Amino acid sequence: MNYNVAVIPGDGIGPEIVAEARKVLDAVGERFGHTFSYTELLMGGASIDVHGVPLTDEALAAAKASDAVLLGAVGGVVGKDSWYELPPNLRPEAGLLAIRKGLELFANLRPAYLYDELRAACPLRDDIIGDGFDMIVVRELTGGVYFGDRKTEEIDGVVTAVDEMKYSEEEIRRIAIKGFEIARKRRKNVISVDKANVLDTSRLWNRVVAEVAKEYPDVTLTNMLVDNCAMQLVKNPRQFDVILTENMFGDILSDEASMITGSIGMLSSASLGATKLGLYEPSHGAAPDIAGQDKANPIATILSAAMMLRYSFDLDQEADAVEAAVKQVLAEGYRTVDIMSEGQKQVGCKEMGDLIAARV
Ligand code: NAD
């Protein structure tokens with residue numbers, strides 16, 4: 001098969017890490033008989049430099065016409081890069097919001113997986129880690145309190161602020177379906193996180209999620225209150241497979257889940273909509289402090305490309321091969337500087353990409 005991938009290197013370390021992910025995709029193509037065609041697009045500071053805006057209509061249209069989008073990162077340093085002299089809606093990061101909105105991506109997926117070789121980076125006790133954890137947070141991305149009406153006003157001389165939290169059945173149903181579909185590709189266990197003892201949005205959430213669950217009798221559903229979930233993540237992270245939750249809870253819990261894996265350079269992410277078209281990017285930013293020095297860890301971006309294989313192209317075997325190659329390279333002791341520890345072999349961004357591609 002031929003797959004058209006829109007590639008957005010972006011700024012900072014973006015071009016370096018994306019180049020390594022492409023290398024790994026090409027290795028997958030060679031081994032499994034696929035071809036990946038790449039269309040490079042500008043976004044963020046790189047687009048501002050050429051077009052004066054962080055994302056042009058043409059770039060967005062090209063992304064929409066692709067089978068999937070692979071993104072590095074965008075952004076620079078406030079006070080150093082002239083991009084930040086522009087109004088907020090024209091700065092590099094505005095490109096991110098514009099592409100997520102333009103592609104109608106309502107589901108955000110962030111896996112938190114602890115590599116045995118990187119246990120030392122995990123802030124949890126050894127007995128809690130046990131034989132490791134492997135979960136994914138499926139977060140609703142375009143509804144809830146972040147998108148409700150808000151206002152700050154003075155009522156009887158007292159300044160008062162209000163943020164509206166709103167969800168429709170349809171918004172809940174489509175994210176729940178994503179959560180259960182993803183669970184089917186994993187260990188078939190969904191924990192739906194809510195605050196149903198207080199919030200009406202959560203009570204509706206639970207009702208709709210329970211309805212969707214009936215269509216997936218092979219997947220187990222459990223409900224968990226968000227405050228309990230925050231505790232359970234550090235008390236017993238091994239119990240989680242898929243965490244399905246609304247926008248704000250997911251924002252907070254996905255950061256907590258990623259923190260317990262220890263290293264920002266290892267964390268992939270995906271954003272999906274109603275179709276197979278998805279946006280795949282590392283969870284970290286453009287790391288301008290190490291850009292152009294061959295120091296960046298490309299693994300988060302390579303694992304994001306593996307998610308693309310799995311969720312946009314349904315190439316599970318190929319995604320498994322990439323994840324296994326990453327594991328093998330770590331087991332052989334290769335480390336970029338951010339995950340380096342005593343006795344291991346330090347390599348740069350390019351060499352890490354070469355090593356993984358060679359093991360696909
Ligand atoms: P950052 O994630 O870019 O960097 C934080 C720290 O982690 C830095 O010390 C950096 O060197 C290190 N780091 C990050 N990724 C790494 C990797 N792959 N390998 C090794 N080390 C890595 O966050 P920041 O410094 O807050 O932001 C820098 C710029 O990136 C800002 O302009 C910010 O707006 C932007 N940003 C973009 C995105 C995105 O494109 N999705 C996300 C977050 C931040």
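Residues numbered from 1 in each chain as written. Predicted model: local features only at pLDDT ≥ 70, side-chain atom pairs only at ≥ 80, totals over all residues. Heavy atoms only, no water.

(A) Quick peek at the pairing of strand 9 (residues 220–225). Pairing analysis gives six bridges linking strand 8 (residues 189–194) to strand 9, with the strands arranged parallel. Opposite Asp194, over in strand 9, you have Leu225 as the bridge partner. Note on the crossover from strand 8 through helix 7 (residues 200–213) to strand 9: the handedness is right-handed. (Pairing = 2+ DSSP bridges. Helix = DSSP H or I, 4+ residues; strand = E, 2+ residues; numbered from the N terminus. Right-handed = clockwise from strand over helix to strand, strands pointing away.)

(B) Structural view of the sheet that holds strand 3 (residues 68–73). Ordered by their spatial adjacency, ten strands build an open sheet running 2-1-3-12-11-4-5-10-8-9, and the pairing between neighbours is mixed. Pairing within the sheet leaves two strands with one partner each, and these edge strands are strand 2 (35–40) and strand 9. Strand-to-strand twist across the sheet, computed as the mean angle between neighbouring axes with direction ignored, equals 25 degrees. (Axes fitted to C-alpha atoms, helices over the stretch in contact; angles between N-to-C directions.)

(C) Representation of the site of the ligand within the structure. By nearness alone, 20 residues border the ligand, and Gly76, Glu93, Gly285, Ala287 and Asp289 come closest of all. Within the contact set of the ligand, an oxygen atom lies 2.7 Å away from a backbone nitrogen or oxygen of Gly285. Taken by itself the ligand offers 800 Å² of open surface, and the protein chains cover 68% of this. Split into classes, the residues belonging to the shell around the ligand amount to eleven nonpolar, five polar and four charged. (Near = heavy atom within 4 Å. Polar contact = N/O pair within 3.5 Å; in protein donor to acceptor, adjacent residues only side chain to side chain. Areas by Shrake-Rupley, 256 points an atom, 1.4 Å probe, with all protein chains shown as cover. Nonpolar A, V, L, I, M, F, W, Y, C, P; charged D, E, K, R; others polar.)

(D) Summary view of the domain arrangement of the chain. According to the domain assignment, the chain contains domain 1 (1–106 + 265–360) and domain 2 (123–260). Between the C-alpha centres of domain 1 and domain 2 the distance comes to 26 Å. With 14 residues of domain 1 at the contact, the number on the domain 2 side is twelve residues. Of the roughly 960 Å² buried where domain 1 meets domain 2, counting both sides, 65% is carbon and sulfur surface. Among the residues domain 1 hides against domain 2, the three largest losses belong to Phe106, Leu267 and Tyr311. Together they make up 61% of the total. For the pair domain 1 and domain 2, the interface holds two salt bridges. Counting across the domain 1 and domain 2 interface gives five residue pairs in polar contact (both at pLDDT 80 or more). Looking at the side of domain 1 that touches domain 2, the elements with two or more residues in it are strand 11 (268–272) and helix 10 (299–311). Ranked by residues supplied to the side of domain 1 that touches domain 2, first place goes to helix 10 with three residues. Across the side of domain 1 that touches domain 2, the residue classes tally to seven nonpolar, three polar and four charged. (Domains from an automatic or database assignment. Contact = heavy atoms within 4.5 Å. Buried area = accessible area lost by both parts, 1.4 Å probe. Salt bridge = Lys/Arg side-chain N within 4 Å of Asp/Glu carboxyl O.)

(E) View of helix 10. With 13 residues, helix 10 ought to run about 18 Å at 1.5 Å a step, and its terminal C-alpha atoms sit 18 Å apart, in line with that. Taking burial as the measure, the 13 residues of helix 10 include 13 buried ones, the bulk of the element. (Expected span 1.5 Å × (residues − 1). Buried < 20%, exposed > 50% of the residue type's maximum accessible area, 1.4 Å probe, protein only.)

(F) Up close: unusual backbone geometry. Positive phi, normally seen in glycine, also occurs at Glu104, with a value near 55 degrees. Its location among the elements puts Glu104 in the loop between helix 4 (94–102) and strand 4 (107–113). Taking relative accessible area as the criterion, Glu104 reaches 61% and is therefore assigned exposed. Backbone geometry places Lys188, a non-glycine residue, at a positive phi of 65 degrees. Looking at where Lys188 falls in the secondary structure, it is placed in the loop between helix 6 (169–184) and strand 8.

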